[in-house]
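Results of the structural survey
Here are the chains, one letter per residue:
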Number of protein chains: 4
Amino acid sequence: MLIVIQCIDKVGLVAAISGLMEKEKINIISMREHVDTTENLFFARLELLPAPKTDPQMLYLALQQILPVDALIKINPNPQKKIVVLVTKEYHCLGDILLRHQFKTLGATVQAVVGNHLVLHDICSKFNVPFHYVSHENKTKEDFEAELLQTIHQYPLDYLVLAKFMRILSPSFVAQFTHNIINIHHSFLPAFIGANPYKQAYERGVKIIGATAHFVTNALDEGPIIVQQVAPINHSYSVTDMVRTGKEIEKNTLAKALQMVLEDRVFVYNNKTVVFE
Amino acid sequence: MLIVIQCIDKVGLVAAISGLMEKEKINIISMREHVDTTENLFFARLELLPAPKTDPQMLYLALQQILPVDALIKINPNPQKKIVVLVTKEYHCLGDILLRHQFKTLGATVQAVVGNHLVLHDICSKFNVPFHYVSHENKTKEDFEAELLQTIHQYPLDYLVLAKFMRILSPSFVAQFTHNIINIHHSFLPAFIGANPYKQAYERGVKIIGATAHFVTNALDEGPIIVQQVAPINHSYSVTDMVRTGKEIEKNTLAKALQMVLEDRVFVYNNKTVVFE
Amino acid sequence: MLIVIQCIDKVGLVAAISGLMEKEKINIISMREHVDTTENLFFARLELLPAPKTDPQMLYLALQQILPVDALIKINPNPQKKIVVLVTKEYHCLGDILLRHQFKTLGATVQAVVGNHLVLHDICSKFNVPFHYVSHENKTKEDFEAELLQTIHQYPLDYLVLAKFMRILSPSFVAQFTHNIINIHHSFLPAFIGANPYKQAYERGVKIIGATAHFVTNALDEGPIIVQQVAPINHSYSVTDMVRTGKEIEKNTLAKALQMVLEDRVFVYNNKTVVFE
Amino acid sequence: MLIVIQCIDKVGLVAAISGLMEKEKINIISMREHVDTTENLFFARLELLPAPKTDPQMLYLALQQILPVDALIKINPNPQKKIVVLVTKEYHCLGDILLRHQFKTLGATVQAVVGNHLVLHDICSKFNVPFHYVSHENKTKEDFEAELLQTIHQYPLDYLVLAKFMRILSPSFVAQFTHNIINIHHSFLPAFIGANPYKQAYERGVKIIGATAHFVTNALDEGPIIVQQVAPINHSYSVTDMVRTGKEIEKNTLAKALQMVLEDRVFVYNNKTVVFE
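Counting restarts for each chain: residues are numbered from 1 in the order of the written sequence. Written order determines the labels here, with chains lettered from A and ligands numbered from 1. Per-residue local features are limited, in this predicted model, to residues with pLDDT of at least 70; the limit for side-chain atom pairs, both in listing and counting, is 80 or more; totals at the level of whole chains, interfaces and linings are taken over all residues. Here the side-chain values reflect all heavy atoms present in the structure, with hydrogen atoms and water set aside.

1. Examining the packing of aromatic side chains
Applied cut-off: The criterion for an aromatic pair is that two Phe, Tyr or Trp rings (for Trp, the six-membered ring) have centres within 6.5 Å, with stacked assigned to planes under 30 degrees apart, edge-to-face to planes over 60 apart and tilted to the rest. Helix and strand definitions here come from DSSP, where helices need a minimum of 4 consecutive H or I residues and strands a minimum of 2 consecutive E residues; each element is numbered from the N-terminal end. Accessibility here uses a 1.4 Å probe with only protein chains present; expressed as a share of the type maximum, an area under 20% marks a residue as buried, one over 50% as exposed, and anything in between as partly exposed. Counting as a charge over the ring demands two things of the Lys NZ or Arg CZ atom: a distance within 6 Å of the ring centre and an angle within 35 degrees of the ring normal.
Evaluated as defined, the whole model comprises 28 aromatic pairs over all chains. The interplanar angle of 70 degrees and the centroid separation of 5.7 Å between the aromatic rings of Phe43(B) and Phe267(B) together place this pair among those described as edge-to-face. Taken together, the residues span a long stretch of sequence, with Phe43(B) in strand β3 (residues 41-49) and Phe267(B) in strand β12 (residues 266-269) at a distance of 224 residues. For the pair Phe43(B) and Phe267(B), a shared accessibility class is recorded, and that class is buried. Centroid distance Phe173(C) to Phe177(C): 5.5 Å. Interplanar angle 35 degrees. Geometry classified as tilted. With relative accessibility at 5%, the residue Phe177(C) sits in the buried group. Aromatic ring contacts, followed pair by pair, group Phe43(A), Phe267(A), Tyr269(A) and Phe276(A) into a single cluster. Taking the ring centre of Tyr202(D) as reference, the NZ or CZ of Lys272(A) above it sits at 3.3 Å.

2. A look at helix α1 (residues 13-23) of chain B
Stated formally: Note on definitions: a residue-residue contact is assigned when non-hydrogen atoms from the two residues lie within 4.5 Å.
Residues of α1(B) that are buried include every one of Leu13(B), Val14(B), Ala15(B), Ile17(B), Ser18(B), Leu20(B) and Met21(B), and no others. For α1(B), the secondary structure elements touched by its buried residues are α1 (13-23) of chain A together with β1 (2-8), β2 (27-36), β3 and α2 (56-66) of chain B. In the segment just after α1(B), Lys25(B) is the residue with positive phi, at about 60 degrees.

3. Remarks on the sheet that holds strand β3 (residues 41-49) of chain C
Hydrogen bonds between backbone atoms are what pair the strands of a sheet, whose relative direction is either parallel or antiparallel. Residue and element names in this part refer to chain C. Which entries qualify depends on this criterion: Paired strands are those between which DSSP finds at least two bridges. Axes, fitted as lines to C-alpha atoms, cover a helix only where it is in contact. Angles between the N-to-C directions of the axes lie from 0 to 180 degrees.
With antiparallel pairing, the 4 strands of this open sheet are ordered in space as β2-β3-β1-β4. Strands with a single pairing partner mark the edges of an open sheet, and in this sheet they are β2 (27-36) and β4 (72-75). The mean angle between the axes of side-by-side strands here comes to 10 degrees, regardless of whether they run parallel or antiparallel. As defined by bridge partners, strand β1 (residues 2-8) adjoins β3 across 7 bridges and the pair is classed as antiparallel. Bridge assignment links isoleucine 8 to a residue of β3, and that residue is leucine 41. Set on the sheet, helix α2 (residues 56-66) makes contact with β1 and β4; between it and β4 the angle comes to about 160 degrees.

4. Overview of the interface of chain D and chain A
Where interface size is given, it is often the accessible area lost as the parts come together that is meant. Under the convention used in this document: What gets called buried area is simply the loss in accessible area from a 1.4 Å probe that two parts show on being joined, summed for both. What makes a salt bridge here is a side-chain nitrogen of Lys or Arg within 4 Å of a carboxyl oxygen of Asp or Glu, nothing more. Think of a polar contact as two N or O atoms within 3.5 Å of one another; within protein, one of them needs to be a possible hydrogen donor and the other a possible acceptor, and neighboring residues in sequence only count if both atoms come from side chains.
Counting residues at the interface gives 32 residues for chain D, matched by 32 residues for chain A. With both sides pooled, the region where chain D packs onto chain A buries about 2,600 Å², and carbon together with sulfur makes up 58% of that total. Sorting the residues of chain D by area buried against chain A places Arg204(D), Lys207(D) and His235(D) first, and these three jointly supply 29% of that buried surface. Our enumeration of links across chain D and chain A arrives at 2 salt bridges. The shortest N-O distance in the salt bridge between Glu222(D) and Arg204(A) comes to 3.7 Å. Applying the counting rule to chain D against chain A returns 12 residue pairs in polar contact (both at pLDDT 80 or more).

5. Things to note about the interface of chain C and chain B
Of the residues lining the interface, 32 residues belong to chain C; the matching set on chain B comes to 32 residues. Between chain C and chain B the total buried area reaches about 2,600 Å² when both faces are included, carbon and sulfur atoms providing 58% of it. Summed over the three residues of chain C that lose the most area to chain B, namely Arg204(C), Lys207(C) and His235(C), the buried surface amounts to 28% of that side. For the pair chain C and chain B, the number of links is 12 residue pairs in polar contact (both at pLDDT 80 or more). Secondary structure elements with two or more residues in the side of chain C that touches chain B: β2, α7 (197-204), β11 (225-232) and β13 (272-275) of chain C.

6. Looking at the pattern of salt bridges
Going through the model one piece at a time under the given rule, you end up with 64 salt bridges over all chains. A salt bridge links Arg100(C) to Glu248(A); the nearest nitrogen and oxygen atoms lie 2.8 Å apart. Highlighted residues: Arg100(C) in helix α3 (residues 92-102) and Glu248(A) in helix α8 (residues 239-262), drawn from two different chains. Accessibility expressed as a relative area gives 28% for Glu248(A), which makes it partly exposed. Across the pair Glu263(B) and Arg265(B) runs a salt bridge whose closest N-O atoms are separated by 2.6 Å. Look at Arg265(B) and you get buried, because its relative accessible area is 16%. Within the structure, one salt-bridge network assembled from shared partners comprises Arg45(A), Glu47(A), Glu263(A), Arg265(A) and Arg244(C).

7. Side note on the sheet that holds strand β3 (residues 41-49) of chain D
All names here are of chain D. Pairing is antiparallel in the open sheet, where 4 strands are placed in the order β2-β3-β1-β4. Each edge of the open sheet is held by one strand with a lone partner, namely β2 (27-36) and β4 (72-75). This sheet shows a mean twist of 10 degrees between the axes of neighbouring strands, independent of strand direction. On top of the sheet, helix α1 (residues 13-23) reaches β1 (2-8), β2 and β3; it is set at about 20 degrees to β3, its chief contact. Across the sheet, helix α2 (residues 56-66) touches β1 and β4, and the angle it forms with β4 is around 160 degrees.

Now the structure itself:
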């Protein structure tokens, strides 16, 4: 059994929660907690061995009793989430996701893939995942996004994953999926915000490049960071070499971020995350 | 206030401990716990804000009441430990320790340095730390170690630190300091146990080298590992280059291990450690 | 144009080679060289812009003239190598290889996959790669390997890739593919040679785990190392967690090693490699 | 013998240089070269075993003959450079430099240390290195920098090292030391330019922090990068924890950059570096 809690902090929360579990004869296998003392917020994630007669609904009510008002409580969040993936032309992130989907190690079902190019149609077919082609060409952004939304909303979904989707989404689009859009950005944010980060990195002469998986908010490349990874480079790297190395980092960073999010290890507040890795 | 606990695991320990703190109006700033389910052992480290009238002695007794028999409990372990450092000729680990000692960021006082060579006498003088020269030459191992012990035992000490001390200590010597001798080994253990690890690494053609800080037990290079760090190398590295790179890793690895141990973040059991980093 | 050279070292080799290129009006885009001074061996890899009338055959003869007898010279080695992949049950390495094969970023064509279990048949079908099932059960090792060889030898191949193939190959099998078998070993060799390395690592209490891609020789896990990668772990990792983390490292390590080998960046001598990354 | 060359690229440079060495019976131990094809620039660093009668002055003239006009050629640059170190209050970078200076592993002599606070006077005394106190208080920036310059210019120097010197230097000051001022910046540039980078990093919620050693130019934190290093962090890190971790990275990054520069492994052009590590 998995329980995640996010609420205002107060003295005795750990005692109250663990006391409740003891009373209910629920064994705590692992308990992770964090307090942001500046913001006075409490976060916890408990892996539990329930007692034979544990009733999740009763437990939820009992937790509500002992936690502050407005506490966010999830008991046994769906372990097999539903995602829709948006792509453009690059296969490296999508391919990795499809493989994990196929072998049931993703922690999610890929409902569909939506691409603004056709390139990745075939790989989706191989994995029997629906691919929808929604071109952005000869359309206003408004129309393009309306079409995207219509396509996406055919499917139930927990998260929308931007796996190298190279269009910037408008605030009104993003507003429909608060903290439910995960993007992989091809730089070590906040360095090299915006377009062509590898070209920017090349010109700046950095010695390390990286990638950032983050939730999407209305501010471009400014959303809460989930995972960052880096790799060393040197003067011999052309922009092409950096892109190549970068793709490996992007793929691994997004995979790690998805694992964290899909296992309910990530909490968002303000513009930050708590990640119980 | 700091409390560390190591005991047999049983249901409800976290609830009992955190309940006690709440009852005593002690605020838990941070609580780290770990259960080794195979060995059925419980480990915890609590940073606390005591109430005005908290009495550590009473708290100790109260903890004894709620914890299993034979629980190892430390309340406010000495934050400024005492160490003696054993060295041979290389300065890189000792120098780093002396600097931190001088600027009071080591978390320990260097009582004395004992060297089986004279090379490092001067640097100790600069920092006003007593240096004792105990040569191993023309002596039986037994006599050498007896002399070492006599020198060391002039000083109160919590830990004996082998900062590139290049003599192997006998079981009878080690037996006097169970889990209180910290060594820096110049390889990524268990690879390259024994002498000349960089030469071994060169000959094996590895692509990464490392260092291991561990507690010393009677089995050579087999003690509980505290911290390991690595660095990439390649075919262009001579043994000399590897030694040079290795020294930087050794210095950083020992520094990190000392920080962890001296802040009471390390627990030892069987041949392993729990490190609440 | 690509040229790789491996020969006994002598004074003036770089001058002779670069002088020849200048005479032939061939532009050197990149030149990497290494001398193992202990073994007196010279290694070079040149990326070149040939002149309009450059004749590779003539250039080969000209190089033979200026290089020591027995120099190993390759001009324009096949950029699209042929590989056969041996697997058992785990998909993570094979899946990554198939994806790169599909999108033509592998630098090789996967001729076929041979498995001693059937689990990975389906994924091969998706990518239209022949899968051969050669069970080891109820067979002598001799018979099993004879069958393997017969299957493999249906295909032309440059390299045999063991992508988590969990059977130990006999010397007589290995002898047929000197320096042409690439294996991914699930530990940071030479630590944890043999079976169950993650279990060994768990029991030893290491703080870093890794993977090693190496050429296979007759000595188990002792062949020349191509690439090693690592990841930090801690006391909270169960063997299962270590396996999971390890699979990511294995996949990335094998992918990097394949890239290096398939781009003719790797030279083997004694039990070592030169890798011009 | 060491030779470094930086010049406009043209066909045949490697052949010409290595041919000259062969003619002069000078053995090339290691040769590193790089061509920036965009900028059409050639960089080389040669470690050589000179012949008994090699005359560096004659060799210089011979190189001038074969290299493009305006080639920058250094033969046997001083292996023991002279540096002056500017500091404020933090000891970690300076202490590391003084230790290496003391044990003659720095590759430079620390001529003097200049501090705008008195805190680090004592540690310099221990190492018999002159310390000059030049306060910035109650002075115009102009006067402060004039006093700094007067103090610095008492000493011959190759490089000025800013080892956590917390004042921004004016363009006119910097102009006097083109590519000869090395700074350690406490962030992974170009992320978090300017003041309080750890606070910025904390607020942005990054998962990795870093440090950057770079040459100082007039644009704040915009100079050519020499070395960057990073360390992972997570939500549990306070700003104080980040500063503490950051100091270790800063120290190591500056040490590596100094090694590279002082061994004449670094070339600067435009706003970039070539580092033959």
